[in-house]
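Here is what each chain is made of, one letter per residue.
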Amino acid sequence: SIAMNVTFPEVVTKYNKTYLIDLIKNGPNKYPGAKYIIRSNGSIINLGFCQNINKNIEEGYIVERHLLNGDYVVFNRQPSLHKMSMMGHRVHVLNNKTFRLNLSVTTPYNADFDGDEMNMHVPQSIESLAEIKYIMSVEKQIISPQSNQSVMGIVQDSLIGCKLFTSRDIFLDFDQMMSLIIWIKGFNIEDLPIPCILKPKPLWSGKQIFSLILPKELNLTKLREDSPKGCEEKLNLVDNFVQIRKGELIQGMICKKTVGTSTGGIIHKIWIEISPQKTIEFLSNCQKLINNYLLLSGWTIGIEDMIS
């Protein structure tokens, strides 16, 4: 219903004329369609009242079409307190009347899911569309210019799951491992490591599978935030010292200090040293991998468990 209300003005050319005529035939009440035609002389045709207008479409006319998958828009949540309160997003049109956002993107908006309202602004020219796509888009705003630290990171279920998944005692059999790696976008089966345990049956560690979503160029050494006193040595049973070498998690449990919004964490280093695009790929892959691991390893409780 939102995509049918807001429109983008698309200029008719010889390359898109047929495609726009199909939208005009659908009209304003059938998605995907169009609401208005603006002639070269500035006169406006309201498609809600005109039939069979498509034969008179000429190059140079402007068609106010519905919002489509792949279009770019600006989202804003008030109060707008910093640059990241308005960011560019790519549209995927779904049913119902609710804006849906990736959970990691809500942090700079200071948004939650208890009834917040947000504003969506649609660009009205190719120039403004280009600015949104190449300057304002989410992947370009991950690092704040104010504090030089990440304003987005892994949060909530995925964050807890990261710590559980990379614990020392997490091992996956073949079926579990295959059920998880199918969620890694662009995964090449040739990159699959040999199992860390061979007998009595092959087992892969959580650290090995987590390493598959890390860029090969990434190197990181970081002390975990909840390290107890006396555990500052690199090798200890607490596993509090995170080491990543050439995209492989060698030791340490992943926690908020490593994969959250802190300076020098995984998100920060990938964005600065590799690319913004690789950063959002890591965020997406991490959420899918960890959330599906929680489905495999979850547990249930009943009312008896709540009674001491």
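Refer to the preceding data block for the structure.
Residues numbered from 1 in each chain as written. Predicted model: local features only at pLDDT ≥ 70, side-chain atom pairs only at ≥ 80, totals over all residues. Heavy atoms only, no water.

(A) Seen up close, the side chain of Ser 144. With respect to the secondary-structure elements, Ser 144 resides in the loop between helix H4 (126-136) and helix H5 (156-165). On the basis of relative accessibility, which here comes to 4%, the residue Ser 144 falls in the buried class. Of the polar contacts made by the side chain of Ser 144, one reaches the backbone nitrogen of Gln 146; its length is 3.1 Å. In contact with Ser 144, other than residues within four places in its own chain, are Met 84, Gln 149 and Val 151. (Helix = DSSP H or I, 4+ residues; strand = E, 2+ residues; numbered from the N terminus. Buried < 20%, exposed > 50% of the residue type's maximum accessible area, 1.4 Å probe, protein only. Polar contact = N/O pair within 3.5 Å; in protein donor to acceptor, adjacent residues only side chain to side chain. Contact = heavy atoms within 4.5 Å.)

(B) Structural context of the sheet that holds strand S4 (residues 62-66). Ordered in space as S1-S4-S2-S3, the 4 strands form an open sheet in which the pairing is antiparallel. Of all strands in the sheet, those with a lone pairing partner are strand S1 (7-11) and strand S3 (44-46), marking the two edges. Taking the axes of each pair of neighbouring strands and ignoring which way they run, one obtains an average angle of 25° across the sheet. Of the strand pairs in this sheet, strand S2 (residues 34-38) and S4 are connected by 4 bridges, and their pairing is antiparallel. Counted as the bridge partner of Tyr 36 is Glu 64 from S4. Packed on one face of the sheet, helix H2 (residues 17-26) meets S1, S2 and S4 and runs near 60° to S4. (Pairing = 2+ DSSP bridges. Axes fitted to C-alpha atoms, helices over the stretch in contact; angles between N-to-C directions.)

(C) Representation of the pairing of strand S12 (residues 248-251) within the structure. Pairing of strand S11 (residues 241-245) with S12 involves 3 bridges; the strand directions are antiparallel. When the bridges of S12 are listed, Arg 245 appears paired with Glu 248. Where S11 hands over to S12, the hairpin turn is made up of 2 residues, of which Lys 246 adopts a positive phi near 50°.

(D) Representation of the pattern of salt bridges within the structure. Taken as a whole and assessed by the stated rule, the structure comprises 6 salt bridges. Here Asp 116 makes a salt bridge to Arg 77, at a shortest N to O gap of 3.0 Å. Here Asp 116, found in the loop between helix H3 (106-109) and strand S7 (119-121), pairs with Arg 77, found in the loop between strand S5 (72-76) and strand S6 (86-90); they are 39 residues apart in sequence, far enough to count as distant. Here Glu 139 makes a salt bridge to Lys 140, at a shortest N to O gap of 4.0 Å. The class of Lys 140 is partly exposed, set by a relative accessible area of 32%. In this structure, a network of salt bridges that share partners links the residues Glu 10, Arg 65 and Asp 71. (Salt bridge = Lys/Arg side-chain N within 4 Å of Asp/Glu carboxyl O.)

(E) Molecular detail of the sheet that holds S7. Strand order in the open sheet formed by 3 strands is S6-S5-S7, with antiparallel pairing between adjacent strands. The strands lining the two open edges of the sheet, one partner per strand, are S6 and S7. Recorded for the sheet is a direction-independent mean angle of 35° between the axes of neighbouring strands. Strand contacts of H4: S5 and S6, with the helix running at about 65° to S5, the strand carrying the most contacts.

(F) Seen up close, a nonpolar patch on the surface. A cluster of nonpolar side chains, contributed by Trp 299, Ile 301, Ile 303, Met 306 and Ile 307, occupies part of the molecular surface with about 680 Å² of accessible area. Checked against the element boundaries, Ile 303 lands in helix H11 (residues 303-306). For Ile 303, a relative accessible area of 64% corresponds to the exposed category. (Patch = residues over 30% accessible without salt bridge, like charges linked within 9 Å, V, L, I, M, F, W, Y side chains within 5 Å. Areas by Shrake-Rupley, 256 points an atom, 1.4 Å probe, with all protein chains shown as cover.)

(G) Inspection of unusual backbone geometry at higher detail. Omega for the peptide link from Gln 78 to Pro 79 comes to 0°, which places this bond in the cis form. Residue Pro 200 follows Lys 199 across a cis peptide bond; omega there is 0°. Looking at the element boundaries, Pro 200 is found in the loop between helix H6 (174-181) and strand S9 (204-205). You will see that Asn 96, though not glycine, has its phi angle at about 75°, which is positive. With respect to the helices, strands and loops of the structure, Asn 96 is situated in the loop between S6 and H3. A relative accessible area of 58% means that Asn 96 is categorised as exposed.

(H) Region of the structure containing the layout of surface pockets. Roughly 1,400 Å³ of volume is contained in the largest pocket. For the largest pocket, the lining is made up of 42 residues, of which His 89, Arg 90, Val 91, His 92 and Arg 100 are closest to its centre. Within the residue set of the lining of the largest pocket, elements represented by two or more residues are helix H1 (2-5), S5, S6 and helix H10 (276-297). Each residue belonging to the lining of the largest pocket can be placed in one class, and the counts come to 19 nonpolar, 16 polar and 7 charged. For the second largest pocket, the lining is made up of 16 residues, of which Leu 212, Ile 213, Leu 214, Pro 215 and Lys 278 are closest to its centre. Of the residues in the lining of the second largest pocket, the class split is 7 nonpolar, 3 polar and 6 charged. (1 Å grid on protein atoms, 1.4 Å probe; cavity = no way out; pocket = protein on both sides within 12 Å on 5 of 7 lines; lining within 4 Å. Points joined across faces, edges and corners; volume = space filled by probe spheres on them. Nonpolar A, V, L, I, M, F, W, Y, C, P; charged D, E, K, R; others polar.)

(I) Main features of the packing of aromatic side chains. Summed over the entire model, instances satisfying the criterion amount to 4 aromatic pairs. With centroids separated by 4.7 Å and ring planes inclined at 55°, the aromatic side chains of Phe 165 and Tyr 293 adopt a geometry described as tilted. One end of the pair, Phe 165, is in helix H5; the other, Tyr 293, is in helix H10, and 128 residues separate them in sequence. For Phe 165, a relative accessible area of 0% translates into the label buried. You can call Tyr 293 buried: its relative accessible area is 6%. (Phe/Tyr/Trp six-rings, centres within 6.5 Å; stacked < 30°, edge-to-face > 60°.)

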